[in-house]
Amino acid sequence: LILLTWTGIFVIIVQDAIALNRSKDYAPVQPIKFSHLIHATNNQIECNYCHSGVLKGKSAGIPPVSLCMNCHKHLPKGTRTGFFEIRKITESYENKIPIRWIRVDKLPDYTYFNHMQHVKIGKINCITCHGDVKSMHIIRQVEDLSMGWCIKCHDTRAVDFSNEYYKT
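Residues numbered from 1 in each chain as written. Predicted model: local features only at pLDDT ≥ 70, side-chain atom pairs only at ≥ 80, totals over all residues. Heavy atoms only, no water.

Caption draft 1: Molecular detail of the state of the cysteines. By the definition in use, this model includes zero disulfides. Cys68 takes part in no disulfide bond, and the closest cysteine sulfur, belonging to Cys50, lies 6.7 Å away. Summary of cysteine pairing: Cys153 is not part of a disulfide, and the nearest cysteine sulfur, belonging to Cys129, is at 6.3 Å. (Disulfide = S-S within 2.5 Å.)

Set out below in structure tokens:
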């Protein structure tokens, strides 16, 4: 009975350790109710318009409020979010206070990931890691982004290490 109890405790500890820092289906409440469905699907705004870092470097980036204002200075009301959510954006812009978005897709601190390598060089679509964001009102982490998940992806793709990017 004691051996069975310790075995059960060990299994629970191992499972918790493996799941540490994995956040599949994580969907935090954001400071502004932002819908990717409205922006990306209904209004056909390309992902890299707001997340321009995806083609330039390591991070896709969170768009500055000034980028939001490119459209919202002309659109003070929205179809779903209405006046109140867009007003939060306008107030943030006018008062020069950044919006404190909560990161959704998280990797462990020791992980090196470069969006440009995967999107621009590897030609991997955003949907592969982030899911069908264009259909989400509330953004959530779709994959667990574990090392095993990444390795499986690398194993199933023919990565060309002879291209110019790897040479330089």
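From this point on, the discussion continues.
Caption draft 2: A look at unusual backbone geometry. Even without a glycine there, the phi angle at Asp25 is positive, about 70 degrees. For Asp25, the position within the fold is in the loop between helix H1 (2-19) and helix H2 (36-42). Taking relative accessible area as the criterion, Asp25 reaches 48% and is therefore assigned partly exposed. Despite not being glycine, Lys96 shows a phi value in the positive range, around 55 degrees. Within the element layout of this structure, Lys96 appears in the loop between helix H5 (82-94) and helix H6 (115-121). (Helix = DSSP H or I, 4+ residues; strand = E, 2+ residues; numbered from the N terminus. Buried < 20%, exposed > 50% of the residue type's maximum accessible area, 1.4 Å probe, protein only.)

Caption draft 3: Main features of the packing of helix H4 (residues 65-72) against H5. One way to put it is that H4 packs onto H5 with a least axis distance of 10 Å and a crossing angle of 125 degrees. Relative to H5, H4 is oriented oblique. Note on packing geometry: the crossing formed by H4 with H5 is left-handed. Two secondary-structure elements touch here, H4 through Val65, Ser66, Cys68, Met69 and His72 and H5 through Ile86, Ile89, Thr90, Ser92 and Tyr93. For the contact of H4 with H5, a count of residues per class yields six nonpolar, four polar and no charged. (Axes fitted to C-alpha atoms, helices over the stretch in contact; angles between N-to-C directions. Parallel < 35°, antiparallel > 145°, perpendicular 65-115°, else oblique. Left-handed = near helix turned anticlockwise from the far one by under 90°. Contact = heavy atoms within 4.5 Å. Nonpolar A, V, L, I, M, F, W, Y, C, P; charged D, E, K, R; others polar.)

Function-wise, these values are silent; they only describe arrangement.
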